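A look at the structure
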Amino acid sequence: MSRPAIAWINLDHLCHNYRLLQQAATDASVMAVVKANAYGHGLNLVAPALFRAGCRLFAVTDADEGAKLRNILRSDDPAGDTEIALLSGIFDAGDASLATTEHLTPTISDSAQCDMLQAADFDGAAWIKVDTGMNRLGAAEPQVLIRQCLQAGIQIRGFMSHLACADTPLHPMNRQQAERFASLCDQAAPQLPRSLLNSAGIISMPDQCLDVVRPGIALYGAEPVAEKPMGLKPVMRMTARVIQVRDIKAGETVSYSASFTAETSMRIAIVSAGYADGIPRALSGCGQASCHDRLLPVTGRVCMDYTMLNVSDTNIQSGDNVEFWGMELAANDVASMIDTISYTLFTGVGERVRRVPV
Ligand SMILES: Cc1ncc(COP(=O)(O)O)c(C=O)c1O
């Protein structure tokens, strides 16, 4: 019997979200962003489900993730026709060789990446990444890079850029970046496909869906723009089991550093998941879990393997399962309680947590 810390992955909800995004993107194609083990949800579960829902464009971070994904899709797509874009491009000669053998589609941000691909006899296509104001990855002037790629026998798949403030629909940078992107693409190669928007961008700037959109977080059901919910459904439900219940007296303390002292007698449940499973330590003394329609305060410090909950005045018993986020507690709400984002909750789910499809 494995440890009862489980991330339940609802693949129907995933496909529902994919379809909603495809509708919102109108004529643009949806490139599903499944990097970082599908944002912690399990690439081996998420990618085949999306493929069967019709998705033929995927994005991961690097060549290792790309090769893993190619392998996962092998039985559904034996010819390897599905596009697997590498959002960080390639880092070294090994990556360039994997991109060649696994028929991956890197992004290229600088001439060194182009050189490495040429040296690996890469004869596929690559996205040209352009920086339009975020000052992260991307070429400032793509013309030189395009020329270099074409001389190296690399086809140009299109242009890609990324918005810095897409989750704030009225932020002036959104329009400035879109205009800069349009002008750079028009000057460099107006006929080539363009991709600008992530999840929040699809909601904030629907007129900029262009040829390909790249949603990540929305696929997993976290609303990317709080004030404009799309009707997404949560994909991950993070649960663990009550493995012991104990009564403590006033004056006793709970967990490391004795940071919590009981003011009256109370009942504490010890739950089988801690920060090594992805329950953020920042929830110590301020978070909640849910069970039988009750919200149970996290009491004392979250430990590596356990979290203690106040279950006074409840009939919660050993063997009950509690939810840390998912259906009853929205991941976005849990994240904002500790000043973070749902991305960090999902990607923080530990390797030892089983991902179980439902
Ligand atoms: C280049 C790029 N495109 C798309 C995405 C997906 O973003 P989101 O999960 O906000 O939809 C990311 C995520 O980090 C990204 O780096």
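In case you missed it, the structure is sitting above this.
About the criteria used
Residues numbered from 1 in each chain as written. Predicted model: local features only at pLDDT ≥ 70, side-chain atom pairs only at ≥ 80, totals over all residues. Heavy atoms only, no water. Phe/Tyr/Trp six-rings, centres within 6.5 Å; stacked < 30°, edge-to-face > 60°. Helix = DSSP H or I, 4+ residues; strand = E, 2+ residues; numbered from the N terminus. Buried < 20%, exposed > 50% of the residue type's maximum accessible area, 1.4 Å probe, protein only. 1 Å grid on protein atoms, 1.4 Å probe; cavity = no way out; pocket = protein on both sides within 12 Å on 5 of 7 lines; lining within 4 Å. Points joined across faces, edges and corners; volume = space filled by probe spheres on them. Nonpolar A, V, L, I, M, F, W, Y, C, P; charged D, E, K, R; others polar. Core = buried A, V, L, I, M, F, W, Y, C linked by side-chain atoms within 4.5 Å. Domains from an automatic or database assignment. Contact = heavy atoms within 4.5 Å.

**Some words on the packing of aromatic side chains**
Two descriptors summarise a pair of aromatic rings, namely the distance from one centre to the other and the angle between the planes of the rings. Counted according to the given criterion, the structure contains two aromatic pairs. When the centroid spacing of 4.8 Å and the interplanar angle of 25 degrees are considered together, the rings of Tyr39 and Tyr220 count as stacked. Of the two residues, Tyr39 is situated in helix α2 (residues 35-39) and Tyr220 in the loop between β9 (212-213) and β10 (236-248); the sequence distance between them amounts to 181 residues. A relative accessible area of 8% means that Tyr39 is categorised as buried. Owing to a relative accessible area of 1%, Tyr220 belongs among the buried residues under this scheme.

**Some remarks on empty space enclosed by the protein**
Applying the stated criterion across every chain yields a total of one cavity of 30 Å³ or more. Taken as a whole, the largest cavity encloses approximately 70 Å³ of empty space. Forming the walls of the largest cavity are Lys129, Val130, Asp131, Thr132, Met134, Arg136, Leu137, Ser161, His162 and Gln177. A breakdown of the residues in the lining of the largest cavity according to their chemical character gives three nonpolar, four polar and three charged.

**Side note on the nonpolar core**
The biggest cluster of nonpolar side chains holds 114 residues, and the ones touching the most others in it are Val34, Leu50, Phe58, Phe324 and Trp325. Here the element with the most residues in this core is helix α3 (residues 43-52); it accounts for seven residues. Counting residues domain by domain, this core receives three or more from each of domain 1 (10-220) and domain 2 (236-357). Once residues lying within four places of it in the same chain are set aside, the contact partners of Leu50 are Leu14, Tyr18, Ala32, Val34, Cys55, Phe58 and Leu219. By size, the runner-up hydrophobic cluster in this structure holds eight residues, among which are Met266, Ile268, Ile270 and Met308.

**Regarding the layout of surface pockets**
By volume, the largest pocket is sized at about 850 Å³. Surrounding the largest pocket, 36 residues form its lining, His162, Asn198, Ile217, Ile341 and Tyr343 being those nearest its centre. Of all elements in the fold, only α2, α9 (199-204), α10 (331-337) and α11 (342-347) reach the threshold of two or more residues within the lining of the largest pocket. Looking at the lining of the largest pocket element by element, the count peaks at three residues for α10. The class makeup of the residues in the lining of the largest pocket is 20 nonpolar, ten polar and six charged. The two domains that each donate at least three residues to the lining of the largest pocket are domain 1 (10-220) and domain 2 (236-357). When its volume is computed, the second largest pocket comes out at roughly 200 Å³. Taken together, 15 residues form the lining of the second largest pocket, with Gly221, Ala222, Glu223, Ala330 and Ala331 sitting closest to its centre. Element by element, the count of residues in the lining of the second largest pocket is highest for α10, at three residues. Taken together, the residues of the lining of the second largest pocket break down into ten nonpolar, three polar and two charged.

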